[in-house]
Amino acid sequence: MPPKISIWRHLKIGSFFDFISPIKINNASQFSSSSRAAFGGVKMKRVSSSTSPTLLAASKAAALERRRVPQRVGTLAVKKEMTAVYLPNGQRIPCTILQLDRVQVVAPKTKKEHGYWACQVGLGWKAPKNITKPMLGHYEKFGVAPKKTIKEFRVKDENGILAPGTIINADHFVEGQYVDIWATCKGKGFAGGMKRHGWAGQPASHGNSLTHRAMGSAGQSQGGGSRVYPGKRMAGRMGGHSKTIQHRQVLKVDQELGVVLINGPIPGPKGGIVSIQDTIHRPSPVVPEPHIVVSM
Amino acid sequence: MMSGPSSLRSMASCWTSLTQSLKVPTLLKPTLLPTTFTRNFIVAPKREKRRIKIHPPIKGPPKNPLQALTTQALQTLDPNGTRQKMFSRHNKDSIRPGDIVQVRRRNGDPFSGVLLNIRRRGVDSAFLLRDHLTRVGVEMWFKLYSPAIEDIDLVQRKAKRARRAKLYYMRQPKHDFGSVANVVKEYTRRVRPTQRQRK
Amino acid sequence: MLTCIDNSGAALVECAQVLKRKKPAGIGDKIVVVIQKQRSLGHDLSAAAQAAVKVRRGDVCHAVVVRTKKKYRRPDGSYIRFDDNACVLVNKSGDPLGTRLNSVVGEELRRKKWSKILSLAPMNV
């Protein structure tokens, strides 16, 4: 009996009918559907069956509590070139330049509404003609210019949520602090076992013919069940996936250039988009409020 | 039954849309409206297209941060610009491949040798020296702006300009310069008596 | 094949194994070697000279790498590269077998606690 309930719910929402009264109804089925869309996007509230005050280890809330999430929001950045810095003792440290190009908080995600705390962060700028209308509406809603890339950064609680439009600049980070970085590494295409998994291959000579870079045996015969086990490493697509580097030191922060220098190399090509956030292995650094909110 | 012209006409009029829209009674269940009825008689008015407001982008950082960072770093690593000038392409008297160069290090003995290669990459600029010590060929890459280098001296120019940028052929026994110790000794005696005294 | 630069009597040795490392050996790493060629003693085969010869061809010995052809990076970003690979024979406790070295060795030996070899060397870079 779904239609009966759905109509009743519609009438409960007062403004809905006023808005569509003189409308050309070309899809009558939307009114008879019992899906959530028919309720105007209103989600039915779930009631917990448990009245226990302590969190169950298997519950969603407990899982969220257990999860190691940084206090502060992370940022997107563009990978530029590599360079080096010298320490006072003369030691040279190779480092990568990451530039924070017009990074702004786009939208907050709250536990009440979305089930977790996070900030949607955007980088760069994209011509509005290349953006879909729903996304333009999204940017309009939060008063932010259209962004080239947007990405969510989980934070521990509501203290980590920044207002939409907040500019995240290089001074979000502190010199000497440690960060986790993740980016899409360079794709190598379809690669053989030697390149992809570092296998040794076969000898170049000693009677070997035409088999120099092959993967070799894929497993036992009868003893192993006469089959190839699932997950057997083979040739295939290499690279082009996300890579995370944990616990890298920030060597230098330049607010004017919007630049953060990170110790060592970072995955991905030059010009690639990189995500940086305080490392989960140390407590977040204390930063004096540097953020500027652009009000529009 | 429908053979008369009047009936044909009525059929046609039935499918013409009305010029003005009819209001649907609000209490009428929309699901119960017959499809033909809605198609013919409820006409949506032309709504004004809502323009999505597009916010202007904020000001971005400079596009080439490496250049700015390099000049910034060189201000501390090479404040007088002497090393920059020494290896500049535009300087007529700059050090070139084939010259004999002495590098005095902050901790460690000075190293001298024939300059085989210059790698110009901003802060990471480096050069390669080759020498023979106890009859064993030794090559050293030095970072030009490294604080571990105290001073770089041009000991002797190559008599004739080298016609290659990389003089790797000098590793071959046929072209090897051998030890530069004598040339450097002569230079130290002539130009840097103070250094000799210190030693 | 490496040259042996001490006066233990070996001239050319072959590396059989790198100790305590999975990668190829660098300056300051200990290796196991087989002596392939003895140093020629010339015509005066006196008793003293013969006594100085501590190893014979075919002996298995420990050695420390003192020069490599592969360039080695130093903390200040400079690189060092020699024209040959060379080593010095040592006994199991780490003391050099020879009493004199005849050519230059890498400075990395200092950091890797081979100061005995460094003090014997005529020069280090």
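Residues numbered from 1 in each chain as written. Chains lettered and ligands numbered in written order. Predicted model: local features only at pLDDT ≥ 70, side-chain atom pairs only at ≥ 80, totals over all residues.

Visitor: I would appreciate a short explanation of the overall build of chain B in the present structure.
Guide: When helices and strands are tallied, chain B shows 6 helices and 5 strands. In chain B, the order of α-helices and β-strands from amino to carboxyl end is α-α-α-α-β-β-β-β-β-α-α. The buried share of chain B, reckoned over its 199 residues, is 20%. Residue pairs at least 24 apart in sequence account for 50% of intrachain contacts in chain B once pairs closer than 6 positions are excluded. (Helix = DSSP H or I, 4+ residues; strand = E, 2+ residues; numbered from the N terminus. Buried ≥ 20, exposed ≤ 12 C-beta atoms within 10 Å, placed from the backbone. Contact = placed C-beta atoms within 7 Å.)

Visitor: What is the right way to read the sheet that holds strand β3 (residues 30-38) of chain C from this model?
Guide: Hydrogen bonds between backbone groups are what pair the strands of a sheet, and the pairing can be parallel or antiparallel. All names here are of chain C. An order of β1-β2-β3-β4-β7 is seen for the 5 strands of this closed barrel, with the pairing classed as mixed. Each neighbouring strand pair of the sheet contributes to a mean axis angle of 50 degrees, computed without reference to strand direction. Note: strand β4 (residues 60-67) against strand β7 (residues 86-90), 5 bridges, orientation antiparallel. Within the sheet, the bridge partner assigned to Val 64 lies in β7 and is Val 88. (Pairing = 2+ DSSP bridges. Axes fitted to C-alpha atoms, helices over the stretch in contact; angles between N-to-C directions.)

Visitor: Would you mind going over the pairing of strand β2 (residues 10-18) of chain C with me for this structure?
Guide: Strand residues, when the strand is regular, have side chains that alternate between the two faces of the sheet. Residue and element names in this part refer to chain C. For strand β1 (residues 2-4) and β2, the ladder comprises 2 bridges, and the chain directions are antiparallel. Each bridged residue has a counterpart across the sheet, and for Thr 3 the counterpart in β2 is Leu 12. Following β1, the chain reverses through 5 residues before pairing antiparallel with β2; Gly 9 in that reversal takes a positive phi of roughly 115 degrees. Pairing analysis gives 7 bridges linking β2 to β3, with the strands arranged antiparallel. When the bridges of β3 are listed, Gln 17 appears paired with Val 32.

Visitor: I keep staring at the sheet that holds strand β7 (residues 178-184) of chain A and nothing clicks. Help me out?
Guide: Pairing in this closed barrel of 6 strands is antiparallel, and the strands run β1-β2-β11-β10-β7-β12 (chain A) around the ring. Strand-to-strand twist of the sheet, defined as the mean angle between neighbouring strand axes without regard to direction, takes the value 50 degrees. Two strands pair when backbone bridges link them, and strand β10 (residues 242-254) of chain A and strand β11 (residues 259-263) of chain A are joined in this way by 4 bridges, in the antiparallel orientation. By the bridge assignment for β11(A), Val250(A) is matched with Ile262(A). Across the sheet, helix α3 (residues 65-77) of chain B lies against β1 (75-86), β2 (92-99) and β11 of chain A, angled at about 30 degrees from β1(A), the strand it touches most.

Visitor: Is there a simple way to explain the environment of Glu107(C) in this structure?
Guide: Summarising the element assignment, Glu107(C) is placed in the loop between β7 and α2 (108-111). Taking the C-beta count within 10 Å as the criterion, Glu107(C) has 19 such neighbours and is therefore assigned partly exposed. For Glu107(C) and Arg67(C), which are 40 residues apart along the polypeptide, the C-alpha to C-alpha distance reads 9.5 Å. Setting aside its immediate chain neighbours within four residues, Glu107(C) contacts Gly108(B), Asn124(C) and Val125(C).

Visitor: What's the story with the confidence of the model for chain B in this structure? I'm lost.
Guide: The predicted coordinates ought not to be read in detail in places where the model reports low pLDDT. Overall, the predicted model of chain B reaches an average pLDDT of 83, with 74% of residues at or above 70. A low-confidence stretch, residues 1-7 of chain B (pLDDT under 50), is modelled with 1 contact involving residues beyond four sequence positions or located in other chains. (pLDDT = per-residue confidence, 0-100.)

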